[in-house]
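Topology and contacts: notes
Residues per chain are reported as follows:
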Amino acid sequence: MDVAALRWSWNRVAAAGPRAARHFYATLFVIAPETRTMFPTNMQYQEDKLLAALGHIITNIDNSDALAAFAHHLGADHRRFYGLDVEERPVPLAERHYIWVGQALLATLADFVGSEWTPSLRADWAAAYEFVAKLMLTGAADSEQLTPPFWQAEVIGVERRRSDVCVLTVRPNYLCNYLPGQSLPTQVPTLRTWRYLSPANAPRPDGTLEFHVRAAGRFSTHLVRRIAVGEVLRLGHPTGTALSAYNRAPHRPLLLIAGGTGVAPLRAILEELQQGSGRPTTLVVGGKSPDDLYDHQALLKLAASTPAMNATASSSAPWLRYVPTVEIGWDWDGEVGRAADTALRIGPSKDADVLVCGSPTMTRATVAALSANGIDSDRLLVERFDHSVYPLLASADTDSQKTT
Ligand code: HEM
């Protein structure tokens, strides 16, 4: 297989941007109209995900171990997608869907590569696609005995903390194993689209999950304003590897920097640390004003707690230093400044692992500030819940990726 040829030919598609995605989906829906009901009605913001991922995966076909793990997981998670037949009965994703997607992919490539689309290039793309599709199908088959296609999670608590922020507690129908720091694709069935939410708690014996949601688009606004106790959400397979790797070097101190509802996955990590023997940790939570610190009470409580496996420790030094910081606070006697500036001012220890979570703007600015101040990039753990490992073909709206 000529991997270099796969790459340059993919670049032709990527360079065409959203036009290529539109072409791909138009072709798919002509080849197999029944696939249309699998996708959201309004594809304006999502339409590049599948195609961009496909291109990324196939052009990295020589990175086999990482790819195999990724495709296996993606296949298991794809069990949450299904279409509807004419009588509106669910039609699960099956091998034939992969054949249609492969045909649409090859047709799109042929059109965008033009006169350089040769039989041997076509054969290479077909073989690479078949390889990935088989991994995904195996992932789906292997997970069938282990997990449901998606979890049904009943909303058992809705706490509106601000006009634009709510805390939801849900109880999945089966235990959902996730690592603190990961996210779960979440769907309000009537809206059809999926968005990522991070549990704000470490796994609990009763399996319940707490989500923090800020209204930023249609999905999150629905959750903040309309969702009620008793409604049922759907959850897909937990995903994300960056923040959940926080324990890769347990001897190092941790510096956690959060903005907005980005505090959620960091609180899940802190809860897990608290259930163990703790670890010297500093948590900086930034907001424009004190009103933005919607989880302040829970974090104060956590900071005052003693790690479960250290209950008899004589040391009076708290394991968690919680530092809320606001940009504007007339009646505020705490830290003032952006989260990154406060974190730098209070002096992150040079050997700390630093976890950052917030909006894309906050995350970018924080990483830039830390890097400019000499924090090594391999000390930074930043989750980008936006599949940005793939070359995106279109920009997304504020709510199209992760809502925390
Ligand atoms: C090798 C093949 C495939 C790859 C690499 C792939 C990859 C992806 C990725 C990365 C996403 C985004 C997931 C997310 O953000 O949560 C996605 C979404 C999706 N995929 Fe696939 N996919 C493949 C095959 C298929 C097939 C065969 C179908 C069925 C026709 C399908 C249907 C969907 C649907 C319905 C979505 C959700 C779209 C949305 O809500 O925006 N995929 N796919």
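Since we're looking at a predicted model, the values are computed, not measured.

Calculation criteria
- For every chain, the first residue of its written sequence is number 1, and the numbers climb from 1 along that sequence.
- Since the coordinates come from a predicted model, pLDDT governs what is reported: local features require at least 70, and pairs of side-chain atoms require 80 or more to be given and counted, while whole-chain, interface and lining totals use all residues.
- Hydrogens and waters are ignored; side-chain quantities use all the structure's heavy atoms.
- A run of H or I in DSSP becomes a helix once it reaches four residues, and a run of E becomes a strand once it reaches two; helices and strands are each numbered from the N terminus.
- Between the two quantities, the radius of gyration covers C-alpha atoms and the globule rule is 2.2 Å times the number of residues to the power 0.38.
- Buried, partly exposed and exposed residues are distinguished by accessible area as a fraction of the type maximum, computed with a 1.4 Å probe on protein chains only: under 20%, between the cut-offs, and over 50%, respectively.
- Reported accessibility uses the Shrake-Rupley method at a 1.4 Å probe radius. Residues are deemed covered only where the shown protein chains occlude them.
- Positive residues here are Lys and Arg, negative ones are Asp and Glu, while His and the chain termini are left out of the count.
- We put the charge of a Lys on NZ, of an Arg on CZ, of an Asp on CG and of a Glu on CD.
- For this analysis, a salt bridge means a side-chain nitrogen from Lys or Arg found within 4 Å of a carboxyl oxygen belonging to Asp or Glu.
- As a rule, N, O and S atoms within 2.8 Å of a metal are its donors, except that Na, K and Ca use 3.2 Å; water is not among the atoms, so sites may look incomplete.
- Working rule for contacts: check all heavy atoms of both residues, and any pair within 4.5 Å makes them a contact.
- The arc in question is formed by the directions pointing from the helix axis toward the C-beta atoms.
- These domain boundaries are the output of an automatic or database domain assignment.
- Defined here as a combined quantity, buried area equals the accessible surface (1.4 Å probe) lost by two parts on assembly, summed across both.
- All residues other than Ala, Val, Leu, Ile, Met, Phe, Trp, Tyr, Cys, Pro, Asp, Glu, Lys and Arg, Gly among them, are scored as polar; the first ten of these are nonpolar and the last four charged.
- Whether two strands pair comes down to DSSP finding at least two bridges between them.
- Crossovers are marked right-handed if the path from the first strand over the helix to the second runs clockwise, as seen with the strands pointing away from the viewer.
- Expected span of a helix: the number of residues minus one, times 1.5 Å.

1. With respect to the overall build of the protein
Scanning the protein from terminus to terminus reveals 11 helices and 14 strands. Relative to the 2.2 N^0.38 estimate, which gives 22 Å for 404 residues, the radius of gyration of the protein is 23 Å and therefore close to what a compact globule would have. Along the three orthogonal principal directions, the C-alpha set of the protein runs to about 70 × 50 × 40 Å. A total of 404 residues make up the protein; the buried ones form 54% of that total. Summing over all exposed atoms, the protein offers an accessible surface of approximately 18,500 Å²; the carbon and sulfur share of this is 54%. Between the mean site of the 38 positive side-chain charges and the mean site of the 41 negative ones, the protein shows a separation of 3 Å.

2. A closer look at unusual backbone geometry
Trans is the prevailing form of peptide bonds, just as negative phi is the prevailing case for residues other than glycine. Here Glu88, not a glycine, exhibits a phi torsion of approximately 65°, which is positive. Looking at the secondary structure, you find Glu88 in the loop between β1 (82–84) and β2 (90–92). By relative accessible area, Glu88 is classed as exposed at 58%. The backbone of Arg192 sits at a positive phi, close to 70°, despite the residue not being glycine. Tracing the sequence through the fold places Arg192 in the loop between β5 (184–187) and β6 (194–197).

3. Some points on the pattern of salt bridges
Counted by the stated rule, this structure contains 22 salt bridges. Salt-bridge contacts for Arg96 lead to Glu34; the nearest nitrogen and oxygen are separated by 3.3 Å. Placement of Arg96 in helix α5 (residues 95–113) and of Glu34 in the loop between α2 (18–31) and α3 (49–59) is noted, with a sequence separation of 62 residues between them. Arg96 sits in the partly exposed class, given a relative accessible area of 35%. Classification of Glu34 by relative accessible area gives partly exposed; the value is 39%.

4. Things to note about the coordination of the iron atom of the ligand
No protein donor other than His78 (NE2) coordinates the iron atom of the ligand, and that contact is at 2.1 Å. Within the secondary structure layout, His78 lies in the loop between α4 (64–77) and β1.

5. A closer look at the environment of Val167
Mapped onto the elements, Val167 comes out in strand β4 (residues 165–172). Each C-alpha atom, one on Val167 and one on Gly217, is 17 Å from the other, the two residues being 50 residues apart in sequence. Setting aside anything within four residues of it in sequence, one finds Val167 in contact with Gly157, Val158, Glu159, Arg161, Glu210, Phe211 and His212.

6. Examining helix α9 (residues 296–304)
Helical geometry: 3.6 residues make up each α-helical turn, so side chains three or four residues apart lie on a common side. Looking only at α9, the buried set comprises Leu299, Leu302 and Ala303. The buried residues of α9 all sit within an arc of 100° when viewed along its axis, so they share a single face. Opposite the buried face of α9, at more than 90 degrees from it, the exposed residues are Gln297, Lys301 and Ala304. Looking at the buried residues of α9, the elements they touch are α8 (263–275), β10 (281–287) and β11 (320–326).

7. Re the domain arrangement of the protein
In terms of domain boundaries, the protein breaks down into domain 1 (3–143), domain 2 (151–235) and domain 3 (244–382). Measuring from the centre of the C-alpha atoms in domain 1 to the corresponding centre in domain 2 gives 29 Å. Taken together, the contact pairs 11 residues of domain 1 with 7 residues of domain 2. With both chains or domains summed, domain 1 and domain 2 bury close to 680 Å², and 42% of this area falls on carbon and sulfur atoms. Its residues assigned to classes, the side of domain 1 that touches domain 2 shows 6 nonpolar, 2 polar and 3 charged.

8. Some remarks on the pairing of strand β13 (residues 353–357)
Along β13, 5 of the 5 residues are buried, which leaves the element largely enclosed by surrounding structure. Bridging between strand β9 (residues 254–259) and β13 involves 5 bridges; their strand directions are parallel. Note that in β13 the partner of Leu254 across the bridge is Asp353. Of the strand pairs in this sheet, β13 and strand β14 (residues 380–382) are connected by 3 bridges, and their pairing is parallel. Bridge assignment links Leu355 to a residue of β14, and that residue is Leu381. Regarding topology, helix α11 (residues 360–372) serves as the crossover connection from β13 to the parallel β14, and that connection is right-handed.

9. Side note on helix α1 (residues 3–15)
Compared with an ideal rise of 1.5 Å per residue, which puts 13 residues at 18 Å, α1 spans 18 Å between its outermost C-alpha atoms and is within 8% of the ideal. Inspection of α1 places Val3, Ala5, Leu6, Ser9, Trp10 and Val13 among the buried residues, and these make up the whole buried set. Buried residues of α1, seen end-on, are gathered within an arc of 155° and therefore sit on one face of the element. α1 presents Ala4 and Ala15 as exposed residues on the side facing more than 90 degrees away from its buried surface.

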